[in-house]
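Working through the structure, step by step
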There are 2 protein chains.
Amino acid sequence: MSFSSIPELIKKKRDGGIFTPSEVEHLVIGIARGYVEPYQASALCMAVFFRGLDDDELVAWTMAMRDSGRTLDWSGSRGIRVDKHSTGGVGDKISIPLAPIVASCGVAVPMLSGRGLGHTGGTLDKLEAIPGFRTQLTIEELIRNVNEIGVAMGGQTADLAPADKMLYSLRDVTATVESIPLIVSSILAKKLAEKLDGLVMDVKFGSGAFMQSTADARSLAKRIVATAKLAGCPTVALLTNMDAPLGAACGNANEIAESVEILQGGGPSDVRDLTIELAAEMLMLAKAAVDLPAGRARARSAIADGAALRKFGELIQKQGGDPGVIDDPSRLPQAPRTAVWKTPEAGYLQKMDAGKVGLAVVALGGGRAKVKDTIDPAVGVRLLQKLGARVDRGQPVFEIAYREENRREIADRYLNESVVVGSAPTPPAPLILERIH
Amino acid sequence: MSFSSIPELIKKKRDGGIFTPSEVEHLVIGIARGYVEPYQASALCMAVFFRGLDDDELVAWTMAMRDSGRTLDWSGSRGIRVDKHSTGGVGDKISIPLAPIVASCGVAVPMLSGRGLGHTGGTLDKLEAIPGFRTQLTIEELIRNVNEIGVAMGGQTADLAPADKMLYSLRDVTATVESIPLIVSSILAKKLAEKLDGLVMDVKFGSGAFMQSTADARSLAKRIVATAKLAGCPTVALLTNMDAPLGAACGNANEIAESVEILQGGGPSDVRDLTIELAAEMLMLAKAAVDLPAGRARARSAIADGAALRKFGELIQKQGGDPGVIDDPSRLPQAPRTAVWKTPEAGYLQKMDAGKVGLAVVALGGGRAKVKDTIDPAVGVRLLQKLGARVDRGQPVFEIAYREENRREIADRYLNESVVVGSAPTPPAPLILERIH
């Protein structure tokens, strides 16, 4: 097959043309192999930002990204494999209780997660708060662990979707991140490389989410679901609220502790509800539940009978971590100091801006402003009140676990900005806005 | 002064923002110095392709490109300096008779020209058909020659507008050439670096021009004139027809011979008319003529009294060439073979597509398909008939000077495609469509 030159292909997209599947493949593979230069890839991404990709182009783009590297080979493995992916938020530790719950129901979960950046946290960073926990699994280890205990939680390896790694680092410095098709292909390339039987997407909207408006989040969710299905992976998305942090714990060690609470049948109700809902979706995709009510019941009983918590212990042990943290959360890293943030006004907590709370955690050292920043697992913010609560003047709203006073002061300023106290109660927004399938 | 990060500036343009002059300068200087990476520059150019630059941004961009390198220093030099620039065409040798005509009228012409690419020829390539002629002048040589004999014709040096060199090579491979503001700034950065007292632009439209439609050419001309004026350089543009080749000679050596004919008072009338008109504009800008009729008269008399031809001889001598070519064109490189292309039909020559004739010259080896191709100065095409002429079946229309039979065959095919013979005469199109000032 012969192709137009790379500049001609960029021009085609620039002028609103539609690529053939083989043109898309030629470009994406070229980005991975280097015959498309970085300055051509960035110009192409900017043209895609303006012109978009249609459904066929997006499927071809996503599959070419997936096929730019290795994929997980499940030949010889039994059973069904599903995964969940969240577009990221503040206090979003759901993956951590979710994967053991689903695995304890007999459905395998080969979960590849990411790290935190900006105000959003990352599952890998949270898991690494567990002393000894190794997230840098090879593909072979990941497959072996899933085959042995039904669950593994690792990071993207260099040989998995390398075109995505390359494109993402380029998009980050060329103002081409905010393109729905490029976001869709980046998310799905890695998930499709896991060779799943089903995928559940948690697409967040609100102040702490990448997509702030529900309309943008809905567009993203719809394209993810449509593209994944066309690529052969049954997928369901939930549109969920990220205006306020999820749960009470925002940080790393404290989110592990909250995850354990969920697996013990406790924890904040929003985290519990969303975990159960996502588990039900995964179980239904895996045909381990006939409908959502059956899926929810199954997930609840895996918590109630202790199977999910035991599975989490197995997972920690398997990946080199200290399973003692389950019974004794004080074995998790502890910050040397705590302080409380008190509301200067009485009234109703009308707003607890998730984005600002996330930035407070970053300021404390619990997140990353830049990719190369290191994480302090011990620090964090705990919500002592939930959105909508009635508070008195001087009542503690946040507990801050910190190491350095000057960092606490910056975090304090973000927390000041995060809260709005008003005289009228505000009706609670639904946590799950829509189901897209 | 502090700036937003480079990705934030790219995002600003992407989202339709308007740069401040210092933001533009920061970006353009960054491209030259390397703190704006090539992949960022190409994404920026693509954003500019979609969003444009307003007048203030374009002036700032152009002046920053000019100031990214050296400019010609005329301190201590006397007189007035003007130049002409053409957007490029087929058979467009006008610069070669024009510069000596104007210089012989006492107005200095420090002319920096380009090389041919694709179907368009380049002044430097044509001049190099003269045995010994050196076009690679240093800035010091160029200034000295202009001060001594009033004219020099050289190529862009590496230290002149380096941001343009860098951007142009990048735009060429990232499908970001066809952006009016980027074209305007690229043309003007080099011309403004000559520190002229006036500039005449020959903006071509038609099948052999970069801008095929008159509307696009007019937009380009208007923005060039407005931008150059805002940057302090009085500028006039002529919109001229490039549907058919200019003159009879298309090649390199043969265009030098035709240029000599013009300076001897002969040559094809279209080349003569356009040369006289552009000379009149330059003389008027230099205040060496009170109006265009006076300028035309002055240019005609410089031809008639032999001053312009003598100036051309001086120029050739000064740049190491053999001035004997003026009296004896056989001293120019000669192709070993000639052939004629005959029309298979009788009728009127309704079309002689300049683009196709240009590609025929490239096929013969007289132009470049790629930047690194070498030029064969001896080969070329000569029009034996002009557009609109009545021809009989089998009448010769083109004479082909060639070296290799297989190349002539390809050229033949382009010539077949270039000509349309019809039964009705077509009214001649005006050579000069508009004057924009």
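Residues numbered from 1 in each chain as written. Chains lettered and ligands numbered in written order. Predicted model: local features only at pLDDT ≥ 70, side-chain atom pairs only at ≥ 80, totals over all residues. Heavy atoms only, no water.

Details of the confidence of the model for chain A
For chain A, the mean per-residue pLDDT works out to 95, and 100% of the residues sit at or above 70. Taken over the whole predicted complex, pTM reads 0.88, whereas the ipTM for its chain interfaces reads 0.86. (pLDDT = per-residue confidence, 0-100.)

Description of the sheet that holds strand β7 (residues 337-342) of chain A
Residues and elements named next belong to chain A. The antiparallel open sheet is built from 4 strands, whose spatial order is β6-β9-β11-β7. Two strands close off the open sheet at either side, each with one partner strand: β6 (249-251) and β7. Pairwise comparison of adjacent strand axes, ignoring direction, gives a mean angle of 20° for this sheet. Of the strand pairs in this sheet, β6 and strand β9 (residues 380-383) are connected by 3 bridges, and their pairing is antiparallel. Paired with G251 across the bridge in β9 is G380. Helix α15 (residues 354-364) contacts β6, β9 and β11 (396-402) of the sheet and is inclined by roughly 145° relative to β9. The strands that helix α16 (residues 405-418) touches are β7, β9 and β11; relative to β11, the one it contacts most, it runs at about 155°. (Pairing = 2+ DSSP bridges. Helix = DSSP H or I, 4+ residues; strand = E, 2+ residues; numbered from the N terminus. Axes fitted to C-alpha atoms, helices over the stretch in contact; angles between N-to-C directions. Contact = heavy atoms within 4.5 Å.)

Some thoughts on the relation of the copies chain A and chain B
If you rotate chain A by 179° and push it 0.1 Å along the axis, it lands on chain B with an RMSD of 0.1 Å. The superposition of one copy onto the other is thereby described by a two-fold rotation axis. Considering only C-alpha atoms, the residue of chain A closest to the rotation axis is Y39 of chain A, which sits at 1.9 Å. Of the residues that chain A buries at the interface, 100% are likewise interface residues in chain B, meaning the two copies contact each other through the same surface. (Least-squares fit on C-alpha atoms with pLDDT ≥ 70 in both.)

Observations regarding the nonpolar core
W61, V203 and I224 of chain A together with W61, V203 and I224 of chain B are the most contacted members of the largest nonpolar core, which has 102 residues in total. When sequence neighbours within four positions are dropped, the list of residues in contact with V203 of chain B reads T87, A217, L220, A221, I224, A237, L238, L239 and T240 of chain B. The next biggest cluster of nonpolar side chains, apart from the first, holds 82 residues, and it includes I94, V236, C250 and V381 of chain A. (Core = buried A, V, L, I, M, F, W, Y, C linked by side-chain atoms within 4.5 Å. Buried < 20%, exposed > 50% of the residue type's maximum accessible area, 1.4 Å probe, protein only.)

With respect to the pattern of salt bridges
Evaluation of the coordinates by the stated rule reveals 66 salt bridges over all chains. Taking the shortest distance from any N to any O, the salt bridge between D202 of chain A and K204 of chain A comes out at 2.8 Å. Residues K386 of chain B and D270 of chain B are paired through a salt bridge, measuring 3.0 Å at the closest nitrogen-oxygen approach. In this pair, K386 of chain B sits in the loop between β9 (380-383) and β10 (390-391) while D270 of chain B sits in helix α12 (residues 269-285), placing the two residues 116 residues apart along the sequence. Residues joined by salt bridges that share partners form a network here, namely K11, R14 and D15 of chain A together with E178 of chain B. (Salt bridge = Lys/Arg side-chain N within 4 Å of Asp/Glu carboxyl O.)

Some remarks on helix α9 (residues 180-193) of chain B
Every α-helical turn comprises 3.6 residues, leaving residues that sit three or four positions apart pointing alike. Residue and element names in this part refer to chain B. Helix length check: α9, at 14 residues, gives a terminal C-alpha distance of 20 Å against a target of 20 Å (1.5 Å per residue), a fit within 8%. In terms of burial, α9 is largely enclosed, as 12 of its 14 residues are buried. All of the buried residues in α9 are P181, L182, I183, V184, S185, S186, I187, L188, A189, K191, L192 and A193. K195 lies just past α9 and shows a positive phi near 55°. (Expected span 1.5 Å × (residues − 1).)

Side note on the environment of R134 of chain A
Residue and element names in this part refer to chain A. Mapped onto the secondary structure, R134 falls in the loop between α6 (123-127) and α7 (139-149). Owing to a relative accessible area of 37%, R134 belongs among the partly exposed residues under this scheme. Residues R134 and A41 lie 93 residues apart in sequence; the distance between their C-alpha atoms is 34 Å. Excluding anything up to four places from it in sequence, R134 contacts E141 and Q319.

Regarding unusual backbone geometry
Its identity as a non-glycine residue notwithstanding, A161 of chain A has a phi of 45°, on the positive side. Tracing the sequence through the fold places A161 of chain A in the loop between β3 (151-155) and α8 (162-172).

Concerning the interface of chain A and chain B
Chain A puts 22 residues into the contact, and the matching count from chain B is 22 residues. Across the chain A/chain B interface, buried area totals approximately 1,800 Å², and carbon plus sulfur atoms make up 71% of it. It is R14, Y39 and F50 of chain A in chain A that bury the most area against chain B; as a group they hold 34% of the surface buried on that side. Counting across the chain A and chain B interface gives 4 salt bridges. (Buried area = accessible area lost by both parts, 1.4 Å probe.)

Remarks on the packing of aromatic side chains
Inspection of the entire model under this criterion finds 5 aromatic pairs over all chains. On the basis of an interplanar angle of 80° and a centroid distance of 5.2 Å, the ring pair of F49 of chain A and F50 of chain A is categorised as edge-to-face. Given a relative accessible area of 22%, F49 of chain A falls into the partly exposed group. Between the NZ or CZ atom of K13 of chain A and the centre of the ring of F19 of chain A, over which it lies, the distance is 5.2 Å. In this structure, R408 of chain B packs its charged tip against the face of Y402 of chain B, placed 5.7 Å from the ring centre. (Phe/Tyr/Trp six-rings, centres within 6.5 Å; stacked < 30°, edge-to-face > 60°. Lys NZ or Arg CZ within 6 Å of the ring centre and 35° of its normal.)

So, the packing of helix α1 (residues 6-14) of chain B against helix α3 (residues 38-51) of chain B
All names here are of chain B. Contact pair α1 / α3: the axes reach a minimum separation of 8 Å and the direction vectors enclose 15°. Comparing their axes, α3 and α1 come out roughly parallel. Classified by chirality, the crossing of α3 by α1 is left-handed. Residue-level inspection shows I6, P7, I10, K13 and R14 of α1 in contact with α3, the latter providing Q40, A43, L44, A47, V48 and R51. Classifying every residue of the contact of α1 with α3 gives 7 nonpolar, 1 polar and 3 charged. (Parallel < 35°, antiparallel > 145°, perpendicular 65-115°, else oblique. Left-handed = near helix turned anticlockwise from the far one by under 90°. Nonpolar A, V, L, I, M, F, W, Y, C, P; charged D, E, K, R; others polar.)

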